[in-house]
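Descriptive analysis of the structure
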Amino acid sequence: MDLGMVKRAGRKAVVIGLFTFIFPITLNLIVAEILTTNMEMDQYLHDRVPYIAVFQSITTFHVIVCLVTDLKLINSELGQLAISSSMISGTCSWSLAIFFLFIDRGETHDLIALILITAILLVMIIFFLLRPIMIWMTRKTSEGKQIKETYVTSIFIMLLGCAFLSEVFGHHVLFGAVTLGMAVPHGPPLGSALVNKIESFVSSILLPSYFVFSVAGVNIFSIHLKTVTVVSIFGVSSFIGKVLGSMLPALYFKIPPSEAFSLGLVMSCQGVSDVLLIQHGRFLSVMTLFSSFPYSATEFYAYSAENNIFLLYLLQLLDTQIYSIMVINMLFLSGTFTPIIKLLYDPSKRYESCNKRTIQHTSLHMELRILACIYHQDSTPCIIRLLELTNPTAKTPMCCYAVHLVQLTGSLVPHLVHHEPGKSAKFHAKDSSHIINAFRLYEKECNGNVVVNLFTSISPFSTIHEEVCRLAAEKSTSLVIIPFHKQWRPHGIKNIVEARSVNRHILDMAPCSVGILVDRGTLSASKNNNLYEIGVLFAHGRDDREALAYGLRMAKHSKAALTVIHLIDLARTSQDYHEMELDSDIITEYKIESAGKRRHSYRHESVNDCVELIRLITSVENSFDLILVGRSYRIRSPLFEALTEWSEFPELGFMGDILTQSDSRCRVSVLVVQQQISGA
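Below: a short report on this structure. The model shown is predicted, which means the values in this text are computed figures rather than measured ones.

**Describing helix H23 (residues 610-620)**
At 3.6 residues per turn, the α-helix brings residues three or four places apart onto the same side. What H23 keeps buried is the set Cys610, Leu613, Leu616, Ile617 and Val620. Seen from one end, H23 has its buried residues packed into an arc of 120°, which puts them on one side.

Structure follows, in structure tokens:
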């Protein structure tokens, strides 16, 4: 957990969090008063109604984060708002729940004071003694290095010590453990090391066992209709309160109604933290022990430390019947809300654009905006050289947004960090400083022709594409450049497995054109006075036109020599005359631009089948430093359909796959271009 989120939460999140806390608790307490006054019920249920009302209205941060993570919304605006708001509402909910359980106990004020003092003492020990030690461990670990095993062992010893002190002070073992967890610096190197050590064991063994154990305690035969009615009324009223508490301020901040309702559904879900709370209420069966305990405060303190009386008082409020109904309600509501949220909220719709955001449709006299993604610092030289060949000048300026994509570990909350010049960022990932320095140097060398904005996105790779697409939409970029997941290095091939799914999602959802860069080192190699040989394999279709449009920009660079090989598909049976006209227009434009320039050339090649196509590609593949190809073709042709049978990397398209297959002899860099899908 990142406790700093409470400080950083904006006005919108604070207001929504407070309303999500105030509405359900107020509504439930009003309903509780009405029920206890007007409904006949047995004395036990009558006494438990206020506590059921409080427990049903609680919101927990951990449950909300897990939910938006499972729904793959953690990088969406809805997910970010829900996480920030739940930090506020969760803190208020749990504080009120504990306070509510302490009020109106006049005979035990000395005991309550003693218990609160010991709780504050334990918190102070953890945050003012143990946390500085953990921060020191983090500082002693070099950037990019693994934390020492002795440090990890020390954390586990601290955990046992805090749990022991929690028991000695009369609290539950979880109080010390959870407080220590909140004090651990999140993220690498310490938080991520702890996650790597225990996450698999906890997620695969402890949590499933705990859920089985918890649900096994549900006894549907002990349930009475009146109790079902009372508990269900509170479940419905807390749901209405949470939805209204989220929706009303969200609508005030001009969030669309469907998204506001989805936010309300997310904020109303309950999970493992709530089950933990009510489960202890079932296990422990002392009702009003404080008011009837005959001993002095000192004697009670000693007795409570031995028998865990504080937790009995705090959580004993529910029997098996109430516990069973509340668990069933949670399962029903959470199971119902999840598909509804998926149906109502699709973050990709926010990235759709009615405008043409492509290189082909960006005027040469307008600023070209490019978003460049980087998984590893080794990709930086090739991307910078590609940006350089894009030919930014005073008349054709360029704005580059470079984003270092980092897998989120040891933390629940993703971060998008903007590295502004002259300001030190709070979060730094491994290799980020090298990437930042390289792009700053490139910006300086361009003498004002290029503006570079640097970001680091620390998110789960399952949803990091959301951050990329959102940034591309907000900055109105014309092209997103993403490195291919296989990266050729002098010491071998580096395979970033998770990057492949990220690239596929970006191809599907990007609000502009996308280029997948296969870096084999030929582009980043120094040329001195020699020209960069760039080839464009042009067949037909909008993706090929986008690749050629990018080539036309490069052709204006003084060190670029562009060769266009126009493939005439003799096997194509269907004809789209509008597409053919568009293809002819851009080919004509290139011929005019290259007329009289020896370093540029054009030739056409006729191919009858896929065998001839492969033979042609292999004959020219090593003649260039960079090859540009389109990704896909709308018009069906036997020429390309036959290639799908042995396609190794479908995300690269037909020709990109041929140039990148494992058995390919191609040794040059390749840029596979897909023109904007949405709004196209």
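**Side note on the side chain of Thr563**
Among the secondary structure elements, Thr563 is positioned in strand E10 (residues 560-569). With near-sequence residues (within four places) excluded, Thr563 lies in contact with Ile534, Gly535, Val536, Tyr590, Ser601, Arg603 and Phe624.

**Concerning the sheet that holds strand E12 (residues 626-630)**
In a beta sheet, neighbouring strands pair by backbone hydrogen bonds and run either parallel or antiparallel. Across the sheet, which stays open at both edges, the eleven strands sit in the order E3-E4-E2-E1-E5-E8-E13-E12-E9-E10-E11 with mixed pairing between neighbours. For this open sheet the edge positions go to strand E3 (415-419) and strand E11 (601-607), each flanked by a neighbour on one side alone. Recorded for the sheet is a direction-independent mean angle of 20° between the axes of neighbouring strands. Here helix H19 (residues 464-475) sits on the sheet and contacts strand E1 (368-374), strand E2 (398-407), E3, strand E4 (450-459) and strand E5 (479-483); the angle it forms with E4, its principal contact strand, is near 150°. Packing of helix H25 (residues 653-660) onto the sheet brings it into contact with strand E8 (513-518), strand E9 (532-538), E10, E12 and strand E13 (669-674), and relative to E12 it is tilted by some 145°.

**Some details on unusual backbone geometry**
In the Ramachandran plot, Asn391 falls in the positive-phi region, its phi being about 70° despite a non-glycine side chain. Mapping Asn391 onto the fold places it in the loop between helix H17 (380-389) and E2. Its identity is not glycine, yet Ser476 carries a phi of approximately 55°, on the positive side.

**Some details on the pairing of E5**
Most of E5 is tucked away: five of the five residues are buried. Residues Leu479, Ile481 and Pro483 point to one face of E5 and Val480 and Ile482 to the other, with burial holding for every one of them. As judged from the three bridges shared by E1 and E5, these two strands associate in the parallel manner. Counted as the bridge partner of Ile370 is Leu479 from E5. Both E5 and E8 contribute to a ladder of five bridges, which runs parallel.

**Section: empty space enclosed by the protein**
Counting across every chain of the model gives three cavities of 30 Å³ or more. For the largest cavity, the calculated volume is near 70 Å³. Taken together, Gln56, Gly235, Ser238, Phe239, Lys242, Ser268, Cys269, Gln270, Met330, Leu333, Ser334 and Phe337 make up the lining of the largest cavity. Those elements giving two or more residues to the lining of the largest cavity turn out to be helix H10 (225-252) and helix H16 (320-344). When its volume is computed, the second largest cavity comes out at roughly 50 Å³. In terms of lining, the second largest cavity is formed by Leu552, Ala555, Lys556, Tyr590, Glu593, Ser594, Lys597 and His600. For the lining of the second largest cavity, the secondary structure elements donating two or more residues are helix H21 (542-555) and helix H22 (577-594). Top contributing element to the lining of the second largest cavity by residue count: H22, with three residues.

**Considering the nonpolar core**
Counting residues in each nonpolar core, the largest one holds 48 residues, and the members touching the most others are Leu371, Val480, Ile506, Leu537, Val629 and Leu659. Other than its neighbours up to four places away in sequence, Val480 contacts Leu371, Cys373, Val468, Ala472, Ile506, Cys512, Ser513, Val514 and Gly515. The next biggest cluster of nonpolar side chains, apart from the first, holds 47 residues, and it includes Phe439, Leu548, Ala560 and Leu562.

**Some points on the pattern of salt bridges**
In total, this model carries nine salt bridges according to the counting rule given. Across the pair Arg385 and Glu388 runs a salt bridge, and its minimum N-O distance is 3.3 Å. Within this pair, Arg385 and its partner Glu388 are both found in helix H17, separated by three residues, close to a single helical turn. The partner of Glu467 in a salt bridge is Arg470, and the shortest N-O contact between them spans 2.4 Å. Residue Glu467 and its partner Arg470 are located together in helix H19, separated by three residues, close to a single helical turn. Because the salt bridges share partners, they merge into one network encompassing Arg500, Arg504 and Glu651.

**Things to note about the packing of aromatic side chains**
Applying the stated criterion across every chain yields a total of six aromatic pairs. When the centroid spacing of 6.0 Å and the interplanar angle of 55° are considered together, the rings of Tyr210 and Phe211 count as tilted. Aromatic side chains Phe484 and Phe649 sit 5.1 Å apart centroid to centroid with 85° between the ring planes, which places their arrangement in the edge-to-face category. Residue Phe484 is located in the loop between E5 and strand E6 (486-489), and its partner Phe649 is located in the loop between helix H24 (638-641) and H25; the two are separated by 165 residues in the primary sequence. Both residues of the pair, Phe484 and Phe649, belong to the buried class.

**What about a nonpolar patch on the surface?**
A cluster of nonpolar side chains, namely Val236, Ile240, Leu244, Leu248 and Leu251, defines an oily patch on the protein surface of about 400 Å² accessible area. With respect to the element layout, Val236 can be found in helix H10.

Rules behind the numbers
- Residues numbered from 1 in each chain as written.
- Predicted model: local features only at pLDDT ≥ 70, side-chain atom pairs only at ≥ 80, totals over all residues.
- Heavy atoms only, no water.
- Buried < 20%, exposed > 50% of the residue type's maximum accessible area, 1.4 Å probe, protein only.
- Helix = DSSP H or I, 4+ residues; strand = E, 2+ residues; numbered from the N terminus.
- Arc of directions from axis to C-beta.
- Contact = heavy atoms within 4.5 Å.
- Pairing = 2+ DSSP bridges.
- Axes fitted to C-alpha atoms, helices over the stretch in contact; angles between N-to-C directions.
- 1 Å grid on protein atoms, 1.4 Å probe; cavity = no way out; pocket = protein on both sides within 12 Å on 5 of 7 lines; lining within 4 Å.
- Points joined across faces, edges and corners; volume = space filled by probe spheres on them.
- Core = buried A, V, L, I, M, F, W, Y, C linked by side-chain atoms within 4.5 Å.
- Salt bridge = Lys/Arg side-chain N within 4 Å of Asp/Glu carboxyl O.
- Phe/Tyr/Trp six-rings, centres within 6.5 Å; stacked < 30°, edge-to-face > 60°.
- Patch = residues over 30% accessible without salt bridge, like charges linked within 9 Å, V, L, I, M, F, W, Y side chains within 5 Å.
- Areas by Shrake-Rupley, 256 points an atom, 1.4 Å probe, with all protein chains shown as cover.

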